[in-house]
Amino acid sequence: MSAGAPTNGERRAVVLLSGGLDSATTLALAIREGYTAFALTARYGQRHATEVDCAVEQARLLGAHRHLVLDVDLAAIGGSVLTDPARVVTSSTLAGSSRTQIPETYVPARNTILLSLGLGWAEVLGARDLFIGVNAIDYSGYPDCRPEFLTAFERVAALATRAGVEGAEFRIRAPLLSWNKARIVTEATALGVDLGRTVSCYDPGSGGAPCARCDACRLREQGFREAGLDDPSRR
């Protein structure tokens with residue numbers, strides 16, 4: 001379904017929205033910058049599917065122009081504890097403290113696939129900016145969260161699309177790339193993001209309750225603590 005061509009002066013952006021703290025903050029930032037935001041969420045077979053529900057809520061609460069939820073069965077490929085409910089998510093060192101090993105929560109090529117879907121939609125929409133909430137400081141060693149990856153994907157976008165070949169310049173926007181979690185929490189709060197309706201846990205329990213053990217939970221807890229704020233999802 002096409003949304004038609006952008007009107008005069010309209011700036012459109014596709015925003016990857018997982019339902020987590022980082023992606024919700026990224027959506028809020030894109031809207032604050034004046035973009036007409038088209039949010040894209042993937043139901044990719046993740047064990048923490050509660051995040052999709054949060055993404056739907058955030059798109060509505062923050063004012064996305066449209067929210068598209070796609071089914072992409074990455075669980076059929078496997079290779080990650082996040083797409084295999086038979087495996088146990090283990091606790092390791094705090095995210096960001098060691099980047100020598102790629103953790104079991106890495107989903108093979110996930111951001112490459114999601115950005116590719118976003119790129120296709122952006123080309124249809126006449127959007128030239130794609131927002132993604134990756135972070136190169138507080139991250140768990142994922143190769144597809146690095147600045148080098150984002151730069152390389154811009155090159156792919158220029159080579160692999162009709163719009164790119166015809167001279168359009170696609171930009172991969174990662175506004176949280178150099179922020180620590182405390183700053184993300186602070187900025188999200190200032191932007192009015194309902195953080196109680198975001199999920200960061202790798203292995204949530206019944207009703208989406210965070211496990212409080214995994215790296216994502218520990219890093220989120222640290223971010224709220226350093227920001228001097230209470231996490232509304234824990235109340």
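Remember, predicted model here, so these are calculated numbers, not experimental data. (Residues numbered from 1 in each chain as written. Predicted model: local features only at pLDDT ≥ 70, side-chain atom pairs only at ≥ 80, totals over all residues. Heavy atoms only, no water.)

A. Structural context of the packing of helix 6 (residues 181-191) against helix 7 (residues 215-227). Contact geometry of helix 6 with helix 7 gives a least axis separation of 7 Å together with a crossing angle of 65°. For the element pair helix 6 / helix 7, the angle class is roughly perpendicular. Between helix 6 and helix 7 lies a crossing of right-handed hand. Within the contact between the two elements, helix 6 uses Lys181, Ala182, Val185 and Thr186 and helix 7 uses Leu219, Arg220, Gly223, Phe224, Glu226 and Ala227. Its residues assigned to classes, the contact of helix 6 with helix 7 comprises 5 nonpolar, 2 polar and 3 charged. (Axes fitted to C-alpha atoms, helices over the stretch in contact; angles between N-to-C directions. Helix = DSSP H or I, 4+ residues; strand = E, 2+ residues; numbered from the N terminus. Parallel < 35°, antiparallel > 145°, perpendicular 65-115°, else oblique. Left-handed = near helix turned anticlockwise from the far one by under 90°. Contact = heavy atoms within 4.5 Å. Nonpolar A, V, L, I, M, F, W, Y, C, P; charged D, E, K, R; others polar.)

B. Looking closely at the sheet that holds strand 3 (residues 66-71). On the basis of which strands lie adjacent, the open sheet formed by 5 strands has the order 3-2-1-4-5 and parallel pairing. Where the open sheet ends on each side, the last strands, each with one partner, are strand 3 and strand 5 (171-173). Across the sheet, the mean angle from the axis of one strand to that of its neighbour is 25°, orientation sign disregarded. Sheet analysis places strand 1 (residues 12-16) next to strand 2 (residues 36-43), joined by 5 bridges and oriented parallel. In the sheet register, Val14 faces strand 2, and the bridge partner there is Phe38. Sitting on the sheet, helix 1 (residues 21-32) touches strand 1, strand 2 and strand 4 (129-131), and the angle it makes with strand 1 is about 170°. (Pairing = 2+ DSSP bridges.)

C. Expanded view of unusual backbone geometry. Although it is not a glycine, Ala109 adopts a positive phi angle of roughly 60°. Positionally, Ala109 belongs in the loop between strand 3 and helix 3 (110-125). Despite not being glycine, Ala212 has its phi angle at roughly 65°, a positive value. Looking at the element boundaries, Ala212 is found in the loop between helix 6 and helix 7. For Ala212, a relative accessible area of 43% puts it in the partly exposed group. (Buried < 20%, exposed > 50% of the residue type's maximum accessible area, 1.4 Å probe, protein only.)

D. Representation of helix 2 (residues 50-62) in the model. Between its terminal C-alpha atoms helix 2 stretches 18 Å, which fits the 18 Å expected from 13 residues at 1.5 Å a residue. Taken together, the buried positions of helix 2 are occupied by Glu51, Val52, Cys54, Ala55, Gln58, Ala59 and Leu62. The buried residues of helix 2 occupy an angular sector of 155° when the element is viewed end-on, so they sit on one face. Away from its buried face by more than 90 degrees, helix 2 exposes Asp53 and Arg60. In this structure, the buried side of helix 2 is in contact with helix 1, strand 2 and strand 3. Of the residues flanking the end of helix 2, it is Gly63, one or two places downstream, whose phi is positive at about 95°. (Expected span 1.5 Å × (residues − 1). Arc of directions from axis to C-beta.)

E. Region of the structure containing the packing of helix 1 against helix 2. Closest axis-to-axis distance for the helix 1/helix 2 pair is 10 Å, and the angle between their directions is 20°. By the angle class used here, helix 1 and helix 2 are roughly parallel. Where helix 1 crosses over helix 2, the handedness of that crossing is right-handed. Here Ala24, Leu27, Ala28 and Ile31 of helix 1 lie close against helix 2, whose contacting residues are Gln58, Ala59 and Leu62. By residue class, the composition of the contact of helix 1 with helix 2 is 6 nonpolar, 1 polar and no charged.

F. Fine view of the state of the cysteines. Overall, the coordinates contain 0 disulfides when judged by the stated rule. Residue Cys201 stays outside any disulfide, its sulfur separated by 3.5 Å from that of Cys211, the closest cysteine. (Disulfide = S-S within 2.5 Å.)

G. Broad picture of the environment of Arg171. For Arg171, the position within the fold is in strand 5. Residues within four places of Arg171 in sequence aside, it is in contact with Arg128, Asp129, Leu130 and Glu154.

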